[in-house]
Every structure is written in structure tokens, then in C-alpha cells.
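Results of the structural survey
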Amino acid sequence: MASFNLGLKIENNVASPKIILVASGALILIGIALSVYQAQFTVENLANQEQKIAIGSQMIISKDMDPNKNSKGVYSTQVTDFADSDKIKISVIDPYGTYITTKTITKSPSQDFFNVSTNGTYKLQIENDGNREVTVLGIIGYYPVGIETIDVAGLIVLLAGLSGLAVGIMYLVRNSRRKVS
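Residues numbered from 1 in each chain as written. Predicted model: local features only at pLDDT ≥ 70, side-chain atom pairs only at ≥ 80, totals over all residues. Heavy atoms only, no water.

**A word on the sheet that holds strand β5 (residues 72-79)**
The antiparallel open sheet is built from four strands, whose spatial order is β3-β10-β5-β8. Taken across any chain shown, the strands that pair with only one partner, and hence form the sheet edges, are β3 (46-53) and β8 (110-115). In this sheet, neighbouring strand axes are inclined to one another by 15° on average, regardless of whether the strands run parallel or antiparallel. Pairing geometry for β5 and strand β10 (residues 134-142), over seven bridges, is antiparallel. Within the sheet, the bridge partner assigned to Val74 lies in β10 and is Gly141. (Pairing = 2+ DSSP bridges. Helix = DSSP H or I, 4+ residues; strand = E, 2+ residues; numbered from the N terminus. Axes fitted to C-alpha atoms, helices over the stretch in contact; angles between N-to-C directions.)

**Some thoughts on the side chain of Gln125**
Mapping Gln125 onto the fold places it in strand β9 (residues 120-128). Looking at Gln125, its side chain comes within polar contact range of the side chain of Glu127, at 2.6 Å. Each residue touching Gln125, except ones within four places of it in the same chain, is listed here: Gln58, Met59, Ile60, Lys89, Ile90, Ser91, Ile93 and Tyr99. (Polar contact = N/O pair within 3.5 Å; in protein donor to acceptor, adjacent residues only side chain to side chain. Contact = heavy atoms within 4.5 Å.)

**Description of the confidence of the model for the chain**
Residues of the chain with pLDDT of at least 70 account for 90%, and the chain-wide mean is 83. β9 holds the highest mean pLDDT among the elements of the chain, 94, whereas strand β1 (residues 10-11) holds the lowest, 48. (pLDDT = per-residue confidence, 0-100.)

**Some points on the pattern of salt bridges**
Evaluated as defined, the whole model comprises three salt bridges. Between Arg132 and Asp86 there is a salt bridge; the shortest N-O distance is 2.8 Å. Within this pair, whereas Arg132 is found in the loop between β9 and β10, its partner Asp86 is found in the loop between β5 and β6 (88-93), the two being separated by 46 residues in sequence. When the shortest N-O distance is used, the salt bridge between Asp112 and Lys103 registers 3.5 Å. With relative accessibility at 26%, the residue Lys103 sits in the partly exposed group. (Salt bridge = Lys/Arg side-chain N within 4 Å of Asp/Glu carboxyl O. Buried < 20%, exposed > 50% of the residue type's maximum accessible area, 1.4 Å probe, protein only.)

Below, the structure written as C-alpha cells:
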């Protein structure tokens, strides 16, 4: 049977549990740091607002955007207790006041993309054309490029750290039982 030495101290053909625990702890911290970075990176690129919108009213969320920074914009809405009878219309408006897109929400949450072609303030306009007051969360901003990679990498590193922690604890328990016997 082949054996691999990963630079870990070997005691009786078993890697030192302390080294495994320290390495696993480091991986867990790295995974958490990547998750925090991913969340911060996402928040910096988005403007959001939650508001109750009365019948016949609207809310507007604004975000300064520059196509040189990122040309892919994203907008999203989520209606609390969405009902099929709700009539929520959303529009994205460019800095010149031109409607880039207008659509009626048929499900919640709803997300779509738009092209950031001009430097300036982009607006997400959400209108309640229904027959009841609704609470809406609206988001507009840059679609974070490469965020999926950071998210997946953070998850993998965190899972590897947690797995190593479990293995290290098992070795620690097993070794302590051997010393007692």
C-alpha cells in the first residue's frame, strides 16, 4: 500500500492530531475570511432599500455606475408575502432618463441584468399597481465579476477545514484512549 508524507509529524503511522487541528483551524479561518470578503465585495457594488409601497405609489433606488468599472449591471426585487394578484412593475432608468427595461414581476424574488453603457446614476423604479400595500426589497448595482469563484473557493476551504477538524478530533480521542489503556 502506498503512503504519502505531507510534511506532517508521524507518530505510529498517525499524523499528529495537534498539527491536523491547527491546520484545520487555519483553513476554517481562511474560509470564513473568504466568505466575509465575498459579502463585503457584493455589498460595495450594490445599493438596496426595503420599503412598504402603498397602492399606486413607487420607490426609487439609485446607484452611481461607471461602465469602465463594470459594464454588467444587475437588479433584483423581493416582495414579502408575494401573491399572484400583486401587480408590481419595475423599471431600470439610465442617467439620461431613458428606460432600459420595464417589466411586471410574476414571481418573487426576481432578478435580471442590464448593460451599463454610460457613466452616471442608474435608478431602479418599483411601482405598486396592485390592490394592497406590499413590502419590497429592491437592489441595483454592478454584477460582481468572479464572485462565484470566491464563493465556491470559500465554501471548499471551509468544508476542508471542518473535515480536518473532525479527523483531528477523532485522532486526538483515539490517541488519548491508547495512552489511558
